[in-house]
Structure formats: C-alpha cells, structure tokens
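Coordinates in review
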Amino acid sequence: MNGREFSSGLKAGTSIAVGYFPIALTFGLLAKTTGLSLIEAVAMSIFVYAGAAQYISLSLITAGVAPAVIVLNTFIVNIRHFLMTAALNEKMQPDDRWKKALYAFGITDESFSVLATQKGNKLSTAFAVGVIVIAYGSWVIFTAIGHLIGANLPQFLQASMSIALYAMFVGLLVPSMRGNRKVVSLALIAGAVNSLFYFTEWLSTGWAIMVSTLASAIFIEWISRKGVAH
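It should be emphasised that the depicted structure is a prediction, and the values quoted were computed from it without experimental measurement. (Residues numbered from 1 in each chain as written. Predicted model: local features only at pLDDT ≥ 70, side-chain atom pairs only at ≥ 80, totals over all residues. Heavy atoms only, no water.)

Here's the deal with the pattern of salt bridges
Using the following cut-off: Salt bridge, as used here: a side-chain nitrogen of Lys or Arg that lies within 4 Å of a carboxyl oxygen of Asp or Glu. A 1.4 Å probe rolled over the protein chains alone gives each residue an accessible area, and that area as a share of the maximum for its type sets the label: buried under 20%, exposed over 50%, partly exposed in between. Counting from the N terminus, the helices are DSSP H or I runs at least four residues long and the strands are E runs at least two residues long.
Inspection of every chain in the model, using the stated rule, returns three salt bridges. A salt bridge links lysine 99 to aspartate 95; the shortest N-O distance between them is 3.7 Å. Residue classification places lysine 99 among the partly exposed positions, given a relative accessible area of 29%. For aspartate 95, a relative accessible area of 29% translates into the label partly exposed. The residue glutamate 221 makes a salt bridge to lysine 182 at a minimum N-O spacing of 3.4 Å. Note that glutamate 221 is positioned in helix H13 (residues 205-229) and lysine 182 in helix H12 (residues 181-200), a separation of 39 residues in sequence.

Structure (structure tokens):
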C-alpha cells in the first residue's frame, strides 16, 4: 500500500472525524441510557457503522421490536449505499475485489462525499482506506467515550436523555427539508402513514416504520415520474 496516498487519505478524512465527534458521542450516550452495555454499543458502531440506522435501532430497541425487524429496517435505511458504492467504483483505480469489499464497508454519506469530490486522476485504494480508517476509527472511539460519559451521569439525567433521541431525529431532518419540497412531502406522508398504523395498531412499531418509509418513498417517486412524463 502506498504510504503517501494513505497519509493523504487520512488528512482528507480529518474533517469527517471532527464532524463525527458530536454525533458518535451522542449515540454512545443514548446507547447507555437505552440500556446497551459498553461492549454492545461499541459492537454496533464496529459492525453496523451507519449513523442514522444506529439511531433508528435505538428507538426500535426501546420499543421492544424483534431483532429481525430491526435488521430489515436497517437494510432499507442503508439501501442507498448500493448506489453510492457503485458510483464510486467508477472513480477508483482497478484493484482486487476483496480490497474493494473492505473499503466499500466503510463508505458513508460523508466518506462518499470526500472521495467523490476529489479532483484529478482515479483514486487509489490506499487513499480510500486512509479516508475510511480515520472516519471509522473516530466513530467507534467517540461512541465508547459517549457511553462512558453516559455511565457517569446522574440517573435522572440518563432517564431524560431518551428525549434527546427524538431531538436528534428532528435535527437531522429539518436541514434537509429547507428548500426541498420532495423531502418535506416524504416526511409528512411517512409521518401520516406511520401515525395511522400507530393509532389503529394495524402494525407493530418496527413494521409500521418500515412500511411507512417504503410507501412514502414509492408514492413520491411515482408522483415525480408522473409529473416529468406530463
């Protein structure tokens, strides 16, 4: 592996590590208040490594949703990674498939943005690994630190932190809604469908979230395509 390219990747990924600090720290803290042990919280960051999906998993765990449904929800939330890695493959230098598989695991919205916006020739595997190593390492480490901080909070504060999970979702959603009618429509329709399932109790929490997410996405895409056709 080219050491210079790897170092350049580490440098390019530093901004991701800084950005992950508050998010991973909060995840670790919320994981503690949800009831996950330090090992469980860190293991989730090691093996799942998907911010939004991990936050959703915490809410589903709190609701007592079956593990299989949590895994299925995580898959649906992260299905966009198929498109990101396929697009990024065109920008990468040819290499062994097992190497591509390793750094593909580390692709997130942030690492994809850093790699996809690099100018010049095709990117080397060493550069991609450098970006991903510092991003991945920071996410796991800050998760552990957040959990340790949560463990030392007074019990009443730990109990109140459950509200922070919903605040985090709002914080992630609102910036995306600004000036984007499609995102606003998606959020409103998904919320309406999920509320219908919640109050009628037609579906359990996990299935309700999954079905409302898919239904709203399919409906909005159908409306968009219909509008383009006309």
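A word on the UniProt feature "transmembrane region" (unreviewed entry) in the protein chain
Formally: UniProt positions are given in the numbering used here, feature names are shortened, and annotations may be inferred rather than shown by experiment.
Taken from the UniProt record, the annotation "transmembrane region" (unreviewed entry) applies to residues 12-31, 64-83, 126-150, 156-174, 183-200 and 206-224. The span residues 12-31 shows a helical share of 95% and a strand share of 0%, and its end C-alpha atoms are spaced 29 Å apart. Along residues 126-150 the backbone is 100% helical and 0% strand, and the end-to-end C-alpha distance reaches 36 Å.

Focus: a nonpolar patch on the surface
For the record, the criterion: Each patch is built from residues lacking any salt bridge and having more than 30% relative accessible area; the joining distance is 9 Å for like charges and 5 Å for nonpolar side chains (Val, Leu, Ile, Met, Phe, Trp, Tyr). We get accessible surface area from the Shrake-Rupley algorithm with a probe of 1.4 Å; when it comes to residues, only the shown protein chains can shield them.
A cluster of nonpolar side chains, Leu72, Phe75, Ile79, Phe82, Leu196, Trp202, Leu203, Trp207 and Val211, forms an exposed patch at the surface whose accessible area comes to about 850 Å². Taken together, the elements giving at least two residues each to the nonpolar patch come down to helix H5 (67-77) and H13. Checked against the element boundaries, phenylalanine 82 lands in helix H6 (residues 80-89).

Observations concerning the side chain of serine 111
For clarity, the cut-off: The term polar contact refers here to a pair of N or O atoms within 3.5 Å; inside protein, the definition further demands a hydrogen-donor-capable atom paired with an acceptor-capable atom, and it admits residues adjacent in sequence only when both atoms are side-chain atoms.
Relative to the assigned elements, serine 111 resides in helix H8 (residues 109-116). Assessed through its relative accessible area of 0%, serine 111 is described here as buried. There is a polar contact of 2.7 Å between the side chain of serine 111 and the backbone nitrogen of threonine 108.

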